[in-house]
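Chain by chain, the residues:
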Amino acid sequence: MKLCKKLMAVLFAAALLFTLLAVPAAAESRTPEVPEGYDGFVVMSVEALPLGFDYLIMPTYVPFHEGESVAEVTVRLFEEAGLSYSAGDIESFNLTSVEWPYLDMLTPRVPDYLMEQLIENYCYDEEEGWDQPEPTGNMLAAGNYTYYSGWMIAENDEITPVGAAEVTAVEGNVYRWMYSIYGYGMDIGMSDGWGMFPEFENPAMGVQRSDAYTILAEILSDPDLQNTILNDDELYSIYSEFYNTIAYQGSTQEEIDAVTMALIEALISDWTLMGDVDLDGEITISDSLLIMRHAMGLIALDGDALEAADYDESGEIDVTDALLVMRVSMGLAD
Ligand SMILES: [Ca+2]
Ligand SMILES: [Ca+2]
């Protein structure tokens, strides 16, 4: 598999967060080009994990302008996705409902430990069902299902102390719009319920998903990488495990870290460093000589070596590849 250098930079950076391994300095920008007129990307998601609905919008790169509020970025995301919403005006943005296509066909799958709390605290009755009306018209709104439900915004896994109109978007930060159904954010693990709800054993408490979300956003921004994952059974199963774990509200930090690291390792171990024909992890003059010998028909490279030899990805291995790799090995090109 070939991964572009930019993705590698992100994956190595992510690996660094987890393992503190010494890795080559990689200071390249991320995979998608920042669109004309924008200053960078934030990661944004819209999700209802306590209900088992996963994501309305999976963690995604959204371009932003320097100085813009999170409310303004949110509006751009919703408009581009063609989703209607209610939030009042942009200066006092308060998200109360969002269009969730096919919501009427979804059945909540609340994790058992959370459902126990809902039942004990009169949000759900095993015979009567939900305490409050279920959504109508495919709009997921504050006050659906339970008296306490509503949309909350977190920046890097912490509920923002002020509304989205007052939060300035920051490059690379992860903004999550989350539908909470219990305890003013207890269910999403980001609140103690303001002391108004009984404590319970909560696997979600304090769990951070920002690193995992950034990796998912990176994958979603790279169609080639998605194809690679889809066409490789082992990689796809590792990816699925990763997705199912981060999308489940009851996952612990250990579980999320484990699947994230497994995905990163699978992607990195599958990676071919273009030009590294002898597969020793670096590009040297001997790689260039191997390419030259292959081009001259003196040897026949195969497998990963053959893939790595076509440095300019022209589909043919010739003297141009050998010269390019030589220049790289001498530090004259990259
Ligand atoms: Ca080499
Ligand atoms: Ca070539």
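See the structure shown above.
The text that follows walks through the structure, step by step, so that each part is easy to find.

About the thresholds
Throughout, a residue's number is its position along its own chain's written sequence, starting from 1. Whichever chain is written first is A, and whichever ligand is written first is 1; the rest continue in order. Reporting in this predicted model follows two pLDDT cut-offs: at least 70 for local features of residues, and 80 or more for side-chain atom pairs to be given and counted; totals over whole chains, interfaces and linings ignore these cut-offs and use all residues. Hydrogens and waters are ignored; side-chain quantities use all the structure's heavy atoms. By definition, any uninterrupted DSSP run of H or I lasting at least four residues is a helix, any uninterrupted run of E lasting at least two residues is a strand, and each is numbered from the N terminus. Think of it in three bands: with a 1.4 Å probe and only protein chains considered, a residue is buried below 20% of the maximum accessible area for its type, exposed above 50%, and partly exposed in between. The contact criterion used is simple: two residues touch if any of their non-hydrogen atoms lie within 4.5 Å. All accessibility values rest on the Shrake-Rupley procedure with a 1.4 Å probe; residue burial counts only the protein chains present in the view. Counting rule for charge: Lys and Arg are taken as positive, Asp and Glu as negative, and neither His nor the chain ends is counted. All charge positions are set by atom: Lys at NZ, Arg at CZ, Asp at CG, Glu at CD. Note that water is not among the atoms considered, so a metal site may appear incomplete; the donors listed are N, O and S atoms within 2.8 Å of the metal, with 3.2 Å applied to Na, K and Ca. For four-coordinate sites, all angles between 85 and 135 degrees define a tetrahedron; for four- and six-coordinate sites, opposite donors beyond 155 degrees with the remaining angles between 65 and 115 define square planar and octahedral shapes respectively, and all other cases count as irregular. The span one expects for a helix is its residue count, reduced by one, times 1.5 Å. By salt bridge we mean one thing: a side-chain nitrogen of Lys or Arg within 4 Å of a carboxyl oxygen of Asp or Glu. Paired strands, in this sense, are two strands between which DSSP finds at least two bridges.

Brief notes about the overall build of the protein chain
Working step 1: Across its full length, the protein chain carries ten helices and ten strands.
Working step 2: In terms of principal-axis extent, the alpha carbons of the protein chain reach across some 80 × 40 × 35 Å.
Working step 3: When burial is assessed residue by residue, the protein chain has 48% of its 334 residues classed as buried.
Working step 4: Restricting the contact set of the protein chain to residue pairs at least 6 apart, pairs at least 24 apart contribute 61%.
Working step 5: Surface summary for the protein chain: the accessible area is close to 16,400 Å², and the carbon and sulfur share equals 51%.
Working step 6: Positive and negative side-chain charges of the protein chain, numbering 10 and 61 respectively, have mean locations separated by a distance of 11 Å.

A closer look at the coordination of the calcium ion (ligand 1)
Six octahedral donors around a metal ideally make angles of 90 or 180 degrees; four tetrahedral donors ideally make 109.5 degrees.
Working step 1: Here the calcium ion (ligand 1) is held by the protein donor atoms Asp-276 (OD), Asp-278 (OD), Asp-280 (OD), Glu-282 (O), Asp-287 (OD) and Asp-287 (OD), which lie 2.2 to 2.6 Å from it.
Working step 2: Around the calcium ion (ligand 1), the six donor atoms sit at angles spanning 52 to 160°, and that spread fits a shape best called irregular.
Working step 3: Read N to C, the donor residues that coordinate the calcium ion (ligand 1) are spaced as D-x1-D-x1-D-x1-E-x4-D.
Working step 4: For Asp-280, a relative accessible area of 43% corresponds to the partly exposed category.

Description of helix α7 (residues 253–269)
Working step 1: Between its first and last C-alpha, α7 extends 24 Å over 17 residues, near the 24 Å set by a 1.5 Å rise per residue.
Working step 2: For α7, the full list of buried residues reads Gln-253, Ile-256, Val-259, Thr-260, Met-261, Leu-263, Ile-264, Ala-266 and Leu-267.

Things to note about the pattern of salt bridges
Working step 1: With the rule as written, the count across this model stands at three salt bridges.
Working step 2: The partner of Glu-47 in a salt bridge is Arg-176, and the shortest N-O contact between them spans 2.6 Å. Of this pair, Glu-47 sits in strand β1 (residues 40–47) while Arg-176 sits in strand β10 (residues 174–180), and the two are 129 residues apart along the sequence.
Working step 3: The exposure class assigned to Arg-176 is buried, which follows from its relative accessible area of 2%.
Working step 4: Between Glu-68 and Arg-76 there is a salt bridge, with its nearest N and O atoms 2.3 Å apart.
Working step 5: By relative accessible area, Arg-76 is classed as buried at 11%.
Working step 6: Among the charged side chains, a network of salt bridges with common partners joins Glu-47, Asp-157 and Arg-176.

Some points on the pairing of strand β8 (residues 150–155)
Working step 1: Most of β8 is tucked away: five of the six residues are buried.
Working step 2: In terms of strand pairing, β8 meets β10 through six bridges, oriented antiparallel. Pairing of Trp-151 across the sheet is with Tyr-179, part of β10.
Working step 3: The sheet contact formed by β8 and strand β9 (residues 158–159) spans two bridges and is antiparallel. Residue pairing in the sheet places Glu-155 in a bridge with Glu-158 of β9.

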